[in-house]
Amino acid sequence: MTVDDVAEAAGVGKATIYRRWASKELLANDAMADLFDIAIPDADTGSIAGDLRQVYRYALEFVNTERGLAVIRLAVSEANRDERTAAIYRDVLERRIVLTKAALDRARTRGEPIKSTADPVLMVEWMAGVFVIRALTGQPMPSPEDADRLVDVTLQAVMDRSTQDSATQDRATQDSSTAQARPESQLANGEFGNAPHIA
């Protein structure tokens, strides 16, 4: 891609492009960021599981298009060749990391049991790694229908299940104690009828 190509596609002169972007790299950076913002928008559904599920579906739909796959392949090839291009893709990932951190912060504010060790960097990079490996090996990308399964993998790493399990166990213990006490109280109240008289 050249600045001439961009100017021709936009129907403007090259000078107009350079007034907005000082270099082709800055132009590519903004274009890539805008592309990912459009294709993989942020989500605020009211739960961390819902947020991840929506973002994952958008991402999986994107990488299963010709344009999305081309972006991933270009990222791999060009980032290894040119440090300026690598910086562009790092910036794209950083933007997603910031959004993921915000989603975790919202979940904590809502009282969801998010681990203190939940790492938004790893949450972004593991999914990006799946896309890169699939692009390099020519294997099919996970489909949008795989979103729930992939979300479950992430939730295993970020949710404090011990808090939920403890609360569930406490409720079960309370229910069991209530059930055991009920027959005695019912007998005392005569709910089972009069007790037989034994001479």
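Quick caveat: nothing in here was measured; it's all calculated off a predicted structure.

Caption draft 1: Expanded view of the nonpolar core. One finds I48, L52, Y56, I114, F131 and L155 to be the most contacted residues of the largest nonpolar core, which totals 30 residues. At the level of elements, α4 (48-63), α5 (66-81), α6 (83-110), α7 (120-137) and α8 (147-158) are the ones that each hand at least two residues to this core. In terms of residue count, α4 provides more of this core than any other element does, nine residues in total. Not counting chain neighbours up to four residues away, the residues in contact with F131 comprise A59, L60, V63, I72 and M141.

Caption draft 2: Region of interest: the packing of α7 against α8. Look at α7 against α8: their axes get within 11 Å of each other, and the N-to-C directions meet at 150°. Considered as vectors, α7 and α8 are oriented roughly antiparallel to each other. Read as a crossing pair, α7 and α8 show a hand that is right-handed. Facing α7, whose interface residues are M123, W126 and M127, α8 presents L150, V153, T154 and V158. Taken together, the residues of the contact of α7 with α8 sort by class into six nonpolar, one polar and no charged.

Here is what the cut-offs are and how they apply
- Residues numbered from 1 in each chain as written.
- Predicted model: local features only at pLDDT ≥ 70, side-chain atom pairs only at ≥ 80, totals over all residues.
- Heavy atoms only, no water.
- Core = buried A, V, L, I, M, F, W, Y, C linked by side-chain atoms within 4.5 Å.
- Buried < 20%, exposed > 50% of the residue type's maximum accessible area, 1.4 Å probe, protein only.
- Helix = DSSP H or I, 4+ residues; strand = E, 2+ residues; numbered from the N terminus.
- Contact = heavy atoms within 4.5 Å.
- Axes fitted to C-alpha atoms, helices over the stretch in contact; angles between N-to-C directions.
- Parallel < 35°, antiparallel > 145°, perpendicular 65-115°, else oblique.
- Left-handed = near helix turned anticlockwise from the far one by under 90°.
- Nonpolar A, V, L, I, M, F, W, Y, C, P; charged D, E, K, R; others polar.

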